Structure formats: C-alpha cells, structure tokens
Amino acid sequence: MNIDRPIIIVGTGRCGSTLLHRILAFHEHVGWLSPLNELFPTQLWLSGFSGLYKMRAFKGVRSGRYFPKPFEAYKFWEHYLPGFSRRDRPLTAADVHPEAIGPVREAVSKVLRYQNDERFLAKVTGWSRIDYFDQIFPDALFIFLNREHRSVVSSWVQAGWLDVTSGLESNAWQWGEVPVDYYQLWSELGGSPLLSAAVKIKLDLDDIQRNMPQFDKRCFKLQYEDLISEPNKHLREVAQFCDLAWTARFEEAINAINFYNPVEKWKKYLTEQEGDLIVEFFERADRVSAARVAV
C-alpha cells in the first residue's frame, strides 16, 4: 500500500478542474478513478480499462458517458469513507474514521496496480477536504485551480444539475451555515439566485484558503485563465511541482488538445450589471474574510 505523493486537484465547482484533471491523466505514470469506479467501487479490477483513455485510437469516444475517463467518483469515496459527500459543512481530519484509512489506501493501491501506474491523481470540488485527505495520504500534493468569479457563477447557473441558487434562508439551501456578514451582504445586494451561487463559491474558497497555509509546501495555486492562455508553460510548472517527468508522450498529448478560451463567455448569460454585482460581492466579501483572519 505504498502510495507515493498522490496528486489532488481542488477548487470550486465549475472552475475548470475537469480540464486539468483530464490533461494530467494523460501522463503515462499517473492513475486515477473512472466512471467504472463510480458505478462499481469494489470491482477494482475494472481500473485496468482506464488505459484506453491514453490511447489515440479512442480519442473520438473518450467523452462517452461510461468510457473510462478521469472522474470525480464520489460514490467510490463514499463507499470507503462514509460521509465523504456531506454538503452542510467542510470535512476535516477529525471526520476521517481511523479504521477506514487502511481499506481506502488499499483500494487506491489496487487501482494503481491495475492501471500499472505509479502516481495517483484525483480531484474534488466544493469543500476542499485538504485536511481530510492529509489524514489519509500524509504526503499528498494539492493543486488549487482558481477561476474568475463571473465565469464560475455563470457556469454554475447554466449547469443546473446542482442547486446553488436557492435563497440562503430557504430550506433548499444545503451548504451549511452562512456567516452573518455574508448573509447581510447577500441581502443588501438583492439576494438574487446569482448572489446565492456567489456565496456558495465564497464558502468553498474560504475553506480552501483556511487549509492551504497548513500545508504550504504541498500546495500549488494555478489560475484557470493562465492555464488556457499558455498551457505548456503552466503545465510544465504543475509537472515540476508534482515531480512528474515532462515526457515527449505527455507533451504530444497536450499539443493535441484544442484549448478554447471562454474568458468572456459569461457575457452570453449575464448582463454587465449582473457581472458588476458579482464583482462587488466578492470584493466586499474578501475584505470581510481578510478582516476576520486578521482578528
């Protein structure tokens, strides 16, 4: 069960983490969870099919629903770590049941063995679980992918598969207690669904920023807009941080990707006024959180 420095991508939902996850998964020494691990978390031998993802012959079908591509696989984690998917508060090291550590490490070790890979790659969005994962993988490396706020809010609202827009005072709000200062700011600015999504994102970012200083040397921050504007440059930096060799095969896989720059895409779904409102919320909320930390 020797698992060497697993690489874990964290960030808010809709931050572009799926892109980064799938790029790093092309590396010939990296293994990961797939939709097959999500559907059948105990049938670890199915991880052997994940090698198909790295083969050029399957390029046209990689996006298929059940094709073994990199996947968040919450049901896998939930199977070995009950409570992993809870939404009402961030998880900490105290939430890890000691008796679960051995079985989940063994499962991850087998995933790597069946894929014939050396390093484990995973991603989680929302609550970062950095402290939580550290309890299981004490040498884990964390990549925090950050993205411009208007783009994240717009993408969340368009996705629609997870409710982040319900009012903070409604029974449908499922993201736990909201600091009074954020609630007052949300209400003062109009309490719209867009602002509810902004609050959810801010709570996620606060959780990440609380955790990262504890593991400073094992954390790397990457801006999504930098990644898509100069992918080779910034992916080299990521590879260096993760101690992954920059191989010709990996570079070839990256060069085959058609990077699309969606920086201004939020304007298709939000008005300038709505965009300004989101910017104002985060500017003021950041001042509140910075003052809280200073105290």
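In case you missed it, the structure is sitting above this.
Everything numeric in this text was worked out from a predicted model, so none of it was measured.

The rules we used
- Residues numbered from 1 in each chain as written.
- Predicted model: local features only at pLDDT ≥ 70, side-chain atom pairs only at ≥ 80, totals over all residues.
- Heavy atoms only, no water.
- Helix = DSSP H or I, 4+ residues; strand = E, 2+ residues; numbered from the N terminus.
- Expected span 1.5 Å × (residues − 1).
- Contact = heavy atoms within 4.5 Å.
- Core = buried A, V, L, I, M, F, W, Y, C linked by side-chain atoms within 4.5 Å.
- Buried < 20%, exposed > 50% of the residue type's maximum accessible area, 1.4 Å probe, protein only.
- Phe/Tyr/Trp six-rings, centres within 6.5 Å; stacked < 30°, edge-to-face > 60°.
- Axes fitted to C-alpha atoms, helices over the stretch in contact; angles between N-to-C directions.
- Left-handed = near helix turned anticlockwise from the far one by under 90°.
- Nonpolar A, V, L, I, M, F, W, Y, C, P; charged D, E, K, R; others polar.
- Salt bridge = Lys/Arg side-chain N within 4 Å of Asp/Glu carboxyl O.

## Side note on helix 4 (residues 98-115)
A rise of 1.5 Å per residue sets the reference length of helix 4, with its 18 residues, at 26 Å; its end C-alpha atoms lie 27 Å apart and thus fit the reference within 8%. Against the buried residues of helix 4 lie strand 2 (30-32), helix 2 (35-39), helix 3 (74-80), strand 3 (119-125) and helix 5 (130-136). Following helix 4 by one or two positions, N116 adopts a phi angle in the positive range, close to 60°.

## Remarks on the environment of H149
On the secondary structure map, H149 appears in helix 6 (residues 149-159). A sequence separation of 129 residues divides H149 from I278, and the C-alpha atoms of the two residues are 7.3 Å apart. Not counting residues up to four positions away in its chain, the partners in contact with H149 are L205, I278 and F282.

## Observations regarding the nonpolar core
If you look at the biggest cluster of nonpolar residues, it comprises 63 residues, and the most contacted ones within it are W77, L81, F137 and F281. Among the elements that line this core, the one with the most residues is helix 8 (residues 193-211), at 9 residues. If we skip the residues at most four places from it in the chain, W77 touches L33, E72, F84, V104, V108, F120, A122, F133 and F137.

## Some points on the packing of aromatic side chains
This structure, assessed with the given rule, holds 19 aromatic pairs. Their ring planes at 20° and their centres at 4.7 Å tell us that F26 and Y53 sit as a pair that is stacked. Taken as a pair, F26 in the loop between helix 1 (17-24) and strand 2 and Y53 in the loop between helix 2 and helix 3 lie far apart in primary sequence, 27 residues in all. For the pair F26 and Y53, one class covers both residues: buried. Ring geometry for F84 and Y132: centres 5.7 Å apart, planes at 65°, overall edge-to-face.

## A closer look at the packing of helix 6 against helix 8
For the pair helix 6 and helix 8, the least separation of the axes is 10 Å and the interaxial angle reads 120°. With respect to the hand of their crossing, helix 6 and helix 8 are arranged in right-handed fashion. Residues H149, V152, V153, W156 and V157 of helix 6 touch helix 8, and the partners they reach there are L194, A197, A198, I201 and L205. Looking at the contact of helix 6 with helix 8 residue by residue, the classes come out as 9 nonpolar, 1 polar and no charged.

## Considering the pattern of salt bridges
Inspection of the entire model under this criterion finds 19 salt bridges. Of the charged contacts, one joins R218 and D134 as a salt bridge, the two residues approaching to 2.7 Å between their closest N and O atoms. Within this pair, whereas R218 is found in the loop between helix 8 and strand 5 (219-223), its partner D134 is found in helix 5, the two being separated by 84 residues in sequence. Across the salt bridge formed by K202 and D206, the nearest N and O atoms sit 3.1 Å from each other. Of this pair, K202 and D206 both sit in helix 8, 4 residues apart, roughly one helical turn. Comparing K202 with D206, the two get one shared label, buried. Linked through salt bridges whose partners overlap, the residues forming this network are D4, R5 and D243.

It is worth stressing that arrangement in space is one thing and function is another; only the former is reported here.
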